[in-house]
Amino acid sequence: SSEYGENCRQAREDQAPHANSLYSLAKIQCHNLISYYGKVLNMPALTLRLFSVYGPGEHPRKLIPQVCSSILENKELILSDPETSRDFVHIYDALEIIQDSL
């Protein structure tokens, strides 16, 4: 999602990337490099722009680990903005979909 920069809230697949940090710029350039080598080597090349992937190794301050910790420790969960919506996908589900599409 970082490739869309400030426009990531309502990003569309046909929308051009817009770097707003060194991190997003690096992701855009990786996409460009993969596309370039795909064309030069005449090989299929694909990059995915996945949003809100979670799973093992997730930083403890991210939402899913915070929710789990608050339940396990019987602590109040404080959300930053209850109006914010996200669509989460577990890393294993994302990997299964990718593998099945190869």
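Definitions and limits used
Note on numbering: residues in each chain are counted from 1, in written sequence order. Note on the predicted model: pLDDT of at least 70 is required for a residue's local features to be given, and 80 or more for side-chain atom pairs to be given and counted; whole-chain, interface and lining totals, by contrast, use all residues. Heavy atoms throughout the structure, all of them, feed into the side-chain values; hydrogens and water do not. Any Phe, Tyr or Trp ring, taking Trp's six-membered ring, that has another such ring centre within 6.5 Å forms a pair; planes under 30 degrees apart are called stacked, those over 60 apart edge-to-face, and the others tilted. Any residue under 20% of the maximum accessible area for its type is buried, any over 50% is exposed, and the rest in between are partly exposed; the area is computed with a 1.4 Å probe on protein chains only. Counting from the N terminus, the helices are the DSSP runs of H or I reaching at least four residues and the strands are the DSSP runs of E reaching at least two. Salt bridges are counted wherever a side-chain nitrogen of Lys or Arg sits within 4 Å of a carboxyl oxygen of Asp or Glu.

A. Structural detail: the packing of aromatic side chains. Under the defined criterion, the tally for this structure stands at 3 aromatic pairs. A centroid spacing of 5.4 Å and a plane angle of 70° characterise the contact between Y36 and Y37, whose relative ring orientation is edge-to-face. Note on Y36: relative accessible area 49%, which makes it partly exposed. By relative accessible area, which is 43% here, Y37 ends up partly exposed. Judged by centre distance (6.3 Å) and plane angle (75°), the ring pair of Y54 and F88 falls under edge-to-face. Residue Y54 is found in strand β1 (residues 53-54), and its partner F88 is found in the loop between α2 (63-72) and β2 (89-90); the two are separated by 34 residues along the sequence. Residue classification places Y54 among the partly exposed residues on the basis of a relative accessible area of 25%. Owing to a relative accessible area of 33%, F88 belongs among the partly exposed residues under this scheme.

B. Representation of the pattern of salt bridges. This model, assessed by the stated rule, comprises 2 salt bridges. In this structure, R49 engages E3 in a salt bridge whose closest nitrogen and oxygen atoms are separated by 2.9 Å. Of this pair, R49 sits in the loop between α1 (22-40) and β1 while E3 sits in the segment before α1, and the two are 46 residues apart along the sequence. For R49, a relative accessible area of 22% puts it in the partly exposed group. Residues E73 and K75 are paired through a salt bridge, measuring 3.3 Å at the closest nitrogen-oxygen approach. A residue is classified by how much of its surface remains accessible, and E73, at 47% relative accessible area, is partly exposed.

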